[in-house]
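# Close look at the chain arrangement
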Amino acid sequence: KKQSLSLLATHHRPITPYVTNFADEEYDRAEIARRFEATRHVLSAHICELSGLPFHRKKALEAALMVNPAEAAVSSCETELQHQIQALQNAVAAMPHKDALAENLADKLFIASRYPEAAAIYTRLIEKKYPPSPNTFVNLAGIRFSDGNLAEAEGLLRRCLDRWPDSAEAHDRLGGVYFRMGRLNASRYHAGQALLIEPTNALYLQHYDHATRGPNGYHVD
């Protein structure tokens, strides 16, 4: 689904060249352009949701509303996410020992920026002998990072890589933690590892370039 949305976003083009017989050409062209731009942001929000990037999702939806305050797709996105959370909460209440359901619920809460609720579930899952997936560590580390608790975020990501050394996302996030700490050599190393594992990931490439340039924007040898 994420790949399909990425393709849609890449090849998303305005319909203006194919529209004729405008009632008010100047106004109608501006309206089409405005709605096209809002839709572009909504597509980006969907991709961010599937990529587990709540901050970027929120910013994309806010950008859509800035362009088109009446953009119905924004409220639809939020309503759908809340419906999914409610359905998963009901399922978890009925089947409390199904860790996959609990993790799915935590992921949705994370995307909705309901961090304390998500963190409580992730913490419980991590304490198990066999945590469900690297995502439990990565997203909880993201919450701790957003709280400014860099040491705990680092520890979680290192524990993740001890268990799943080929987790590109864990390497990428750890690179970001080290960049924030000012540990640039470690940041470049982990950003590079993420890119080695997923060389076509544009976000990892951006982060690697950022780590290589350093905080002042210059390439560091």
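Note that the structure is a prediction, hence the values are computed from the model and not measured.

Parameters and conventions
Residues numbered from 1 in each chain as written. Predicted model: local features only at pLDDT ≥ 70, side-chain atom pairs only at ≥ 80, totals over all residues. Heavy atoms only, no water. Helix = DSSP H or I, 4+ residues; strand = E, 2+ residues; numbered from the N terminus. Buried < 20%, exposed > 50% of the residue type's maximum accessible area, 1.4 Å probe, protein only. Contact = heavy atoms within 4.5 Å. Phe/Tyr/Trp six-rings, centres within 6.5 Å; stacked < 30°, edge-to-face > 60°.

Here we come to the environment of G52. Mapped onto the elements of the fold, G52 is located in the loop between α2 (25–51) and α3 (54–67). Taking relative accessible area as the criterion, G52 reaches 14% and is therefore assigned buried. Separated by 55 residues in the primary sequence, G52 and D107 have C-alpha atoms spaced 7.6 Å apart. Look past the residues within four positions of G52 in its chain and what remains in contact with it is F110, I111 and R173.

The subject of this paragraph is the packing of aromatic side chains. Counted by the stated rule, this structure contains 2 aromatic pairs. Between the aromatic rings of F110 and Y115, the centroid separation amounts to 5.7 Å while the plane-to-plane angle is 40°, which identifies the pairing as tilted. Looking at F110, the relative accessible area reads 4%, which means it is buried. Seen in terms of ring centroids, F137 and W164 are 5.9 Å apart; in terms of plane orientation they differ by 65°. Their pairing is edge-to-face. Of this pair, F137 sits in helix α7 (residues 134–146) while W164 sits in the loop between α8 (150–163) and α9 (168–181), and the two are 27 residues apart along the sequence.

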